Structures are given as structure tokens and as C-alpha cells.
Amino acid sequence: MSKDITKTSKFLSLLLRHQPETIGLTLDECGWANIEELISLSNQNKHRLDAQLIQRVVGTNNKQRFSISDDGRFIRANQGHSITVDLELEAKQPPEILFHGTATRFIDSIFEQGLTKRNRQHVHLSSERETATNVGKRHGKPAILCIQAEQMHNNGYEFFLSKNKVWLTEHVPIKFIEREQAS
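Residues numbered from 1 in each chain as written. Predicted model: local features only at pLDDT ≥ 70, side-chain atom pairs only at ≥ 80, totals over all residues. Heavy atoms only, no water.

1. Quick notes on the nonpolar core
General note: in soluble globular proteins, nonpolar side chains tend to be found buried as a group. Basically, it comes down to this: For the purposes of this section, nonpolar cores are sets of buried Ala, Val, Leu, Ile, Met, Phe, Trp, Tyr and Cys residues that join through side-chain atoms within 4.5 Å. Partly exposed describes any residue whose relative accessible area lies between the buried limit of under 20% and the exposed limit of over 50%, with all areas from a 1.4 Å probe on protein chains only and scaled to the type maximum. Secondary structure is summarised from DSSP: a helix means a run of H or I of at least four residues, a strand means a run of E of at least two, and numbering begins at the N terminus for each. In what follows, residue pairs with any heavy atoms lying within 4.5 Å of each other are defined as contacts.
Counting 22 residues, the largest nonpolar core has L12, L16, L25, L38, I54, F66 and I75 as the members making the most contacts within it. Listing elements by their share of this core, those giving two or more residues are α1 (3-18), α2 (35-44), α3 (51-60), β2 (66-68) and β3 (74-77). Tallying contributions element by element places α1 first for this core, with 5 residues. Once residues lying within four places of it in the same chain are set aside, the contact partners of L12 are R17, L38, L49, V57, F66 and I75.

Right, here's the structure in full:
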């Protein structure tokens, strides 16, 4: 991915997930931003942006962080928000096991309080061990946690599947977490 694409992806994440007010952007209750307004406000704030660059970022992002509306007029982040938005997700039956990647330095805290959403709307989980490992590596020496998702669901916890296939839940209590042992 080119520097422009990476820089723009990070900028869009900031605006669409955390701080739209940085450039005076308004998101609707579902997190959608008008693309024309996004481009205009970005350019006024010295962040070069155009429709083609946005399309390239959305189309080439391997994590599929963003969606463009069917009519092509709006964009939003698929998950990872620290601001309140309604992603219009329906509760889903999760697989038996989901994975969470973290850094080893966070393990003690996790086994004291469970997995918490902290400043995000949800705890992020993966159906793939490899994805969880890659997430953990971003934060330091990786640790993989196995989440008893089906058991949680059977105990009344809701799970949602984002458009980019990230499993989301409000909280994972300690009793549903096991640390995967290194092989």
C-alpha cells in the first residue's frame, strides 16, 4: 500500500471512528459521513482528499475498515468506534470459539477484569487464530486468548458480526477466557 493510501486510511479512521470534529465533520447516528462534505472539509483543513483517493482506500484496505453506501454518497467505518454510533448490527449466533489477540503485558489485567471495551463500543474478536495473532503483534509480544463464545451466547451475551467479519460483544467475563498455550 502506498504512503498516500496508508496516511489517508489513518486519517479516515481518526475522523470516522474517533474525532470527526477534528475538521468539523458531522456523522449521522449510524456513523455515515457525506463524502462531498468530507472532501471539502478535509481540503479546507490542509488534508488533500478526493473521491478517487477515498475509493482506493476503501477498495484496497485489507481489513475492510470502511464502507461506502450503495448510492456512493456516504462513507463510514465498519467498527472500532470510540464515539457512539449505531452500526445497525443484528445479534448473531457466534461460533463455539472466538479469538482475541493482545500483548502479554495485558494478560494480568484481562484475568482480573475480563475483556472490556475500554474506549471503544465493543470488544473485538476474531474467528481466526492468525488474525488474533496479528492483532497481538501490533501491541507487543502476542498472546492469544480463546473465548468460549457459544457458551457466552447461551448465557445471554449478545454477539454481532461487523461487515468486515469482526465479531463484537460488550464484555467478555473472565470465566469465558482461556489463554492459548504457546506450541
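Next comes the rest of the account.
2. A few points about the packing of aromatic side chains
Spelled out, the test is: For Phe, Tyr and Trp, rings pair up if their centres lie within 6.5 Å, where Trp contributes its six-membered ring, and each pair is then called stacked (planes under 30 degrees apart), edge-to-face (over 60) or tilted (otherwise).
A complete count under the given rule lists 1 aromatic pair for this structure. Measuring from centroid to centroid gives 5.8 Å for Y157 and F176, while their planes differ by 70°, and the two rings are edge-to-face. With Y157 in the loop between α6 (149-154) and β8 (160-161) and F176 in the loop between β10 (171-172) and β11 (177-179), the pair connects residues that are 19 residues apart, well separated along the chain. For Y157, a relative accessible area of 28% gives the class partly exposed.

3. What about the side chain of Q79?
Convention followed: Polar contacts, as used here, are pairs of N or O atoms within 3.5 Å; protein pairs need one atom able to donate a hydrogen and one able to accept it. Residues neighboring in sequence count only if both atoms are side-chain atoms.
Position of Q79 among the secondary structure elements: in the loop between β3 and β4 (98-103). The class of Q79 is buried, set by a relative accessible area of 8%. Within polar-contact distance, the side chain of Q79 engages the side chain of N164 at 2.9 Å. For Q79, the contacting residues outside a window of four places in its chain are R17, L87, H124, S162, N164, V166 and L168.

4. Focus: the pattern of salt bridges
For clarity, the cut-off: We count a salt bridge whenever a side-chain nitrogen from Lys or Arg sits within 4 Å of a carboxyl oxygen from Asp or Glu.
Considering all chains together, one arrives at 6 salt bridges under this definition. In this structure, the salt-bridge partner of D50 is R48, at a minimum N-O distance of 3.8 Å. You can call D50 partly exposed: its relative accessible area is 27%. By relative accessible area, which is 53% here, R48 ends up exposed. Ionic pairing is found between K117 and E170, a salt bridge with its closest N-O pair at 3.0 Å. Residue K117 is found in the loop between β5 (115-116) and β6 (123-125), and its partner E170 is found in the loop between β9 (167-169) and β10; the two are separated by 53 residues along the sequence. Residue E170 is classed as partly exposed on the basis of its relative accessible area of 42%. Among the charged side chains, a network of salt bridges with common partners joins D4, R48 and D50.

Purely geometric stuff here, so don't read any function into it on its own.
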